[in-house]
Amino acid sequence: MPKRILIGTVVSDKTDKTVTVLVERKVKHPLYGKIIRRSKKYHAHDEENAYQTGERVRIEETKPISKTKSWKVLDRLQASKGTAIEANLDVDSTR
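What counts, and at which threshold
- Residues numbered from 1 in each chain as written.
- Predicted model: local features only at pLDDT ≥ 70, side-chain atom pairs only at ≥ 80, totals over all residues.
- Heavy atoms only, no water.
- UniProt positions renumbered as here; feature names shortened; annotations may be inferred.
- Helix = DSSP H or I, 4+ residues; strand = E, 2+ residues; numbered from the N terminus.
- Contact = heavy atoms within 4.5 Å.
- Areas by Shrake-Rupley, 256 points an atom, 1.4 Å probe, with all protein chains shown as cover.
- Core = buried A, V, L, I, M, F, W, Y, C linked by side-chain atoms within 4.5 Å.
- Buried < 20%, exposed > 50% of the residue type's maximum accessible area, 1.4 Å probe, protein only.
- Pairing = 2+ DSSP bridges.
- Salt bridge = Lys/Arg side-chain N within 4 Å of Asp/Glu carboxyl O.

Labelled according to an unreviewed UniProt entry, the protein appears under the name Small ribosomal subunit protein uS17, originating from Novosphingobium rhizovicinum. The record held by UniProt for the protein lists under Subunit (unreviewed entry) the comment "Part of the 30S ribosomal subunit." Reading the Sequence similarities (unreviewed entry) entry of the UniProt record for the protein gives the comment "Belongs to the universal ribosomal protein uS17 family."

Following this line, the structure appears as structure tokens:
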């Protein structure tokens, strides 16, 4: 039986060796026919803590690693758009 592979965005990398991946899918509403977005979060195993928030990744279903983890990160599809940096602006207040 082939393993499921999903594509999603890393929304949290706070835990050790684990990332939380948000996977979105589009479904048609059963009554109104409008296309709506459904999302679900998966905990995925990241052995080297290599993935940061905002990156697009592929995850693969595996045997259970812990109580909540049964997915592992395969690879990075797109790097994060950038992290917030703190700007040090020296403004001349004598004007």
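Considerations on the overall build of the protein
Check the secondary structure of the protein and you find 0 helices and 5 strands. Along the protein, helices and strands appear, N-terminal first, in the series β-β-β-β-β. Sequence-distant contacts, at least 24 apart, represent 48% of the contacts inside the protein between residues at least 6 apart. When the accessible surface of the protein is totalled, it reaches about 7,800 Å², and 50% of it is carbon and sulfur.

Focus: the nonpolar core
Listed in full, the 11 residues of the largest apolar core are Val10, Val19, Val21, Val23, Tyr42, Ala44, Tyr51, Val57, Ile59, Trp71 and Val73. Those elements giving two or more residues to this core turn out to be β2 (18-28), β3 (35-45), β4 (56-61) and β5 (69-78). Ranked by residue count, the leading element in this core is β2, at 3 residues. Excluding its chain neighbours within four sequence positions, the residues that come into contact with Tyr42 are Leu6, Val19, Thr20, Val21, Val23, Ile59 and Trp71.

Quick look at the pairing of β3
Looking at chain direction, β2 and β3 are connected through 11 bridges and run antiparallel. Paired with Lys26 across the two strands is Arg37, which belongs to β3. In terms of strand pairing, β3 meets β5 through 3 bridges, oriented parallel. Note on β5: the bridge partner recorded for His43 is Lys69.

Topic: the pattern of salt bridges
By the definition in use, this model includes 6 salt bridges. Linking Glu24 and Arg37 is a salt bridge whose minimum nitrogen-to-oxygen distance equals 3.7 Å. Of this pair, Glu24 sits in strand β2 while Arg37 sits in strand β3, placing them 13 residues apart in sequence. We classify Glu24 as partly exposed; its relative accessible area is 44%. Under the relative-accessibility criterion, Arg37 is labelled exposed at 60%.

Side note on the environment of Arg37
On a C-alpha basis, the gap between Arg37 and Lys26 in space is 4.6 Å, while along the polypeptide they are 11 residues apart. Those residues in contact with Arg37 that sit more than four places away from it in its chain are Glu24, Arg25 and Lys26.

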